[in-house]
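Observations on the three-dimensional arrangement
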Amino acid sequence: MQFKHPEILYFLFLLVIPILVHLFQLRKFKKEYFTNVKLLRQLQQETRKSSTLKKWLLLATRLLLLALLIFAFAQPFFTAKEAKNKENELIILVDNSFSMQAKGNKGELLKRSIQELLESLPETQNFSLLTNNNVFWDVDIKTIQSELQKIEYSALPFELDFLLTQIDSKKPNTKKDYLIITDAIGTNSKKIEDLNQTNQVYFINPVAENKNNISIENVTLSQVLDAFYEIKITLKSYGKTEEAIPVAVYNKEALIAKSQVTFDKTEKELKINIPKNSFHGKVTLQDNSLQYDNEFYFSISQPKKQNAIIIGTEEKNKFLNKILTENEFVVTNTELTKLNYSSIENQQTIILNEISEIPQALGTTLLSFYNKGGTIILIPSIENNIQNLNNFCKNFGSFKFLNTTDTEKQITKISFNHPIYKNVFEKKVSNFQYPKVTKSFIPSGNGLPILQFEDNTNFAISISNKIGNLFVFTAPINKQNSNFQNSPLIVPTFYNMSQSKTNSKTNTFTIGENETIIIDAILSKDEVVSITNKQNSFIPQQQIINAKVKLAFGDYPELAGNYNIKQTENTIEEISFNYPRTESDLNNTNTTLFNKTTTVNSIETVLNDLHSKRTDTALWKWFIIGTLLFLLIELLIQKFVK
């Protein structure tokens, strides 16, 4: 037991006063004369004995009364178990990812958690609060009341370790108490166990009542018809869904198509035809769970003619000109000796069609073209010097040619998952009419296979730096060496190799994935492009590449939707952004996150627990009660003890 005012204990010397009063009676005795009767003398002796007992009882009572009163003013207390943590800072982490949009027994999980904070935290409580995308340092509930009520759901995931690192950076040498409010959907942490050993950590785990959910996972362009685009909508069901779900397609605000989907399996694909025009819209569905994944925005730009140069002889270039038609391509045919190097930067595709030698100057120019997002297709000539080919290929990676072989080979394997053949085949085939080659090069090194021979060596590969592409064949495909020109494979192969990545595709990007796009735009030195819609606007990171601009989006925009890429007031391109579908599975709770931590049901429980552990046990009230009790005892002694 300790005392707040131990100096008051010196007043215990006052206990001498009642002792002196009782030892030295100040009152004078008065003589009384009685008849010399034996009975009266006996009564006098008994009265004196009773009076002595009463005096001692009163003395003890008064001593205890005075002592308790002095102790009460000294304010005794028992030290709290965690008294050293009284000055800990309260840190509140609130998960505002999209899974907190689910409804619990009192409404949406996030909104209910914020309301509880507003109701439970006292106005004098100082704390810091962090969400996925908001930070409030050293505030009280009254100061940030309006900001808390305006907190929206974030596309950023609840990265607990990132937030803890941010706190340690801001407050490196302070003791802290943590209150973490999260549904723990897809949340992981390597720091939480160490954090719990050095700090008091409380978890509140709000749980959704309905964990069934349906998500639009993706929208892709599956087929280009004469008058229509066929789009493929991929949907996913989490939990049981028995009723049919309505799906609608909008171009801007206009309803284009409606359909329904019934989930007899977890994932379903729905194909819908839309008019073959530029498209800037969305797909929507209706369910009774999460809302963020019920919309998927996508854009389809009007196809632009692609610029391509085919370097080779007129005779060998004929089959390529039949594939790259003037409706979709602006093709320039030239022999190597007549090539205008300055025109290369204005092209989308360069095809080296069996030229006998690749000059070093051309190799350097094409490397620059590749690094700026261009596409190169290399078809070797059997007359090529292997060293010359390898000098060209080494600029793009570790791929190289070893030697030539005269062994006839059949092309038997197709990489159906390669982007070149995306949406080309309805199903995988294995018994097609195999094309063949008579002479070929033996390749070595890295490259993503497109087509392979029967001996598992590569016939066609791709190499990419994410913005540029190099496609390499390992054998000449002229009619004297191969019948590949007669194969149905040749049209989709060269057509898709020559197409721009964004031409006749759904221009959709995922927020937070830091994706890039290259657009055709000529900018002055200080000019920039912006990305805007009615609600939002931002300037992306951008790099000028001759007549093109490379844009990187980082974590922007914050809101999903359809956007325009603008140069001053002119729209260059229409693109769309969607939230990542990482929060759609409401059963993906990481329960191990709560191991070895204190899990509570309410914020009030946290505050009460901290208060009880950190508050000293005051005893002065009990001493006051004792004082009053002995005062009452003294009165009873005075009245009833004779």
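Presented here is a report on the structure given in the accompanying data block. Predicted model only: the values in this text are computed from it and were never measured.

Scoring rules and cut-offs
Residues numbered from 1 in each chain as written. Predicted model: local features only at pLDDT ≥ 70, side-chain atom pairs only at ≥ 80, totals over all residues. Heavy atoms only, no water. Helix = DSSP H or I, 4+ residues; strand = E, 2+ residues; numbered from the N terminus. Polar contact = N/O pair within 3.5 Å; in protein donor to acceptor, adjacent residues only side chain to side chain. Pairing = 2+ DSSP bridges. Axes fitted to C-alpha atoms, helices over the stretch in contact; angles between N-to-C directions. Parallel < 35°, antiparallel > 145°, perpendicular 65-115°, else oblique. Contact = heavy atoms within 4.5 Å. Nonpolar A, V, L, I, M, F, W, Y, C, P; charged D, E, K, R; others polar. Phe/Tyr/Trp six-rings, centres within 6.5 Å; stacked < 30°, edge-to-face > 60°. Buried < 20%, exposed > 50% of the residue type's maximum accessible area, 1.4 Å probe, protein only. Lys NZ or Arg CZ within 6 Å of the ring centre and 35° of its normal.

1. Focus on the side chain of S301
Within the secondary structure, S301 sits in the loop between β16 (295–300) and β17 (306–311). A polar atom in the side chain of S301 sits 3.0 Å from the side chain of N507. A polar atom in the side chain of S301 sits 2.6 Å from the side chain of E573.

2. Describing the sheet that holds strand β14 (residues 267–275)
Strands pair in a sheet through their backbones, by hydrogen bonds, and they do so in one of two ways: parallel or antiparallel. Strand order in the open sheet made by the three strands is β10-β11-β14, with antiparallel pairing throughout. The sheet terminates laterally at β10 (213–224) and β14, the two strands that pair on one side only. For this sheet, the mean inter-axis angle between neighbouring strands, taken without regard to orientation, is 25°. Direction of pairing for strand β11 (residues 228–238) relative to β14: antiparallel, over a ladder of nine bridges. Its bridge partner lying in β14, I231 is registered against I272.

3. Looking at the packing of helix α7 (residues 314–323) against helix α10 (residues 490–498)
Orientation of α7 relative to α10, taken along the N-to-C sense of each, is 80°, at an axis distance of 9 Å. As far as their axial angle goes, α10 and α7 are roughly perpendicular. Across from F319, L320 and I323 in α7, the residues of α10 making contact are I490, V491, F494 and Y495. Its residues assigned to classes, the contact of α7 with α10 comprises seven nonpolar, no polar and no charged.

4. Examining the pairing of strand β35 (residues 570–578)
Judged from the three bridges that link them, strand β28 (residues 508–510) and β35 form a sheet pairing that is parallel. Of the residues in β35, the one forming a bridge with F509 is F577. The pairing of strand β34 (residues 561–567) with β35 spans seven bridges and is antiparallel. When the bridges of β35 are listed, N562 appears paired with S576. Hairpin connection, β34 to β35: the antiparallel pair is bridged by two residues, and T568 has positive phi, about 55°.

5. Comments concerning the packing of aromatic side chains
Applying the stated criterion to the full structure yields 23 aromatic pairs. Between F509 and F577 the ring centres are 5.9 Å apart and the planes differ by 35°, which places this aromatic pair in the tilted class. Pair noted here: F509 is in strand β28 and F577 is in strand β35, with a separation of 68 residues, a long-range link. Given the relative accessible area of 1%, F577 is considered buried. Here the aromatic cluster, defined as three or more aromatic residues joined through ring pairs, consists of F319, F453, F459, F473, F484 and F494. Note that K282 overlies the ring of Y250, its terminal NZ or CZ placed 5.9 Å from the centroid.

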